[in-house]
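Structural description and commentary
Listed below, chain by chain, are the residues.
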Amino acid sequence: MSRLFFDFHDGQAFLRDPIGFECRDREVIRNEAVRALSLMAKEIIPEKGETQAFTVIVRNAANATVYTATVSFAGLWLGELPIPPGEQDPFD
């Protein structure tokens, strides 16, 4: 078992994990990264507008990156712009 650190980046802020987490294998590392990203996205997406990416960087005690994962959100309002001349409205 080794201590790994889960750092987070949201495109603006970088949060460095000072404590770490004991992980026994790759499955635990991946599952913890997915869990953390989903919690982060759930809390922050409603506040940040229409595009946002969240990245977790997992590093070992020697400060080497061992795993990274990113989840992104992209919202797009449709129907607000006029249909360009010559194109058909897909909803007609």
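The sections below set out a description of the structure shown in this document. (Residues numbered from 1 in each chain as written. Predicted model: local features only at pLDDT ≥ 70, side-chain atom pairs only at ≥ 80, totals over all residues. Heavy atoms only, no water.)

Now for the overall build of the chain. Looking only at helices and strands, the chain has one helix and five strands in total. Helices (α) and strands (β) of the chain occur, in sequence order from the N terminus, as β-β-β-α-β-β. Taken over 92 residues, the chain has a buried fraction of 27%. Across the chain, every contact between residues at least 6 apart in sequence was considered, and the portion connecting residues at least 24 apart equals 44%. Put simply, the chain shows about 7000 Å² of open surface, and 56% of that area lies on carbon and sulfur atoms. (Helix = DSSP H or I, 4+ residues; strand = E, 2+ residues; numbered from the N terminus. Buried < 20%, exposed > 50% of the residue type's maximum accessible area, 1.4 Å probe, protein only. Contact = heavy atoms within 4.5 Å. Areas by Shrake-Rupley, 256 points an atom, 1.4 Å probe, with all protein chains shown as cover.)

Relative to the helices and strands, D17 resides in the loop between β2 (14–15) and β3 (21–23). Notably, D17 is buried but unbridged: the nearest opposite-charge side chain belongs to R59, and the N-O separation is 6.1 Å. Among the polar contacts made by the side chain of D17, one reaches the main-chain amide nitrogen of I19 at a distance of 2.9 Å. (Lys, Arg positive; Asp, Glu negative; His and termini not counted. Salt bridge = Lys/Arg side-chain N within 4 Å of Asp/Glu carboxyl O. Polar contact = N/O pair within 3.5 Å; in protein donor to acceptor, adjacent residues only side chain to side chain.)

Bringing the nonpolar core into the picture now. Residues L4, F6, F8, C23, F54, V56 and V58 are the most contacted members of the largest nonpolar core, which totals 16 residues. Elements represented by at least two residues in this core include exactly β1 (2–9), α1 (26–48) and β4 (51–59). By residue number, the principal contributor to this core is α1, which donates eight residues. Not counting the four nearest positions on each side in its chain, V56 is found in contact with F6, D7, F8, A33, L37, Y67, T68 and A69. (Core = buried A, V, L, I, M, F, W, Y, C linked by side-chain atoms within 4.5 Å.)

A separate point is the pattern of salt bridges. For the structure on display, the rule yields five salt bridges. Note that R59 is salt-bridged to D7, the shortest N-O span being 2.5 Å. Highlighted residues: R59 in strand β4 and D7 in strand β1, separated in sequence by 52 residues. According to the relative accessible area criterion, R59 is buried, its value standing at 9%. On the basis of relative accessible area, D7 is assigned to the buried category, the value being 2%. Three or more residues are tied together by salt bridges with common partners; here these are D7, R16 and R59.

Under the definition given, this model contains one aromatic pair. Residues F6 and F21 carry aromatic rings whose centres are separated by 6.1 Å and whose planes lie at 75° to one another, so their mutual orientation is edge-to-face. Here F6, found in strand β1, pairs with F21, found in strand β3; they are 15 residues apart in sequence, far enough to count as distant. Look at F6 and you get buried, because its relative accessible area is 6%. (Phe/Tyr/Trp six-rings, centres within 6.5 Å; stacked < 30°, edge-to-face > 60°.)

Of note is the side chain of D7, whose polar atom sits 2.7 Å from the backbone nitrogen of D17. Side chain to side chain, D7 and R59 meet in a polar contact 2.5 Å long. Not counting residues within four places of it along the chain, the set of residues in contact with D7 comprises F14, L15, R16, D17, T55, V56, I57 and R59.

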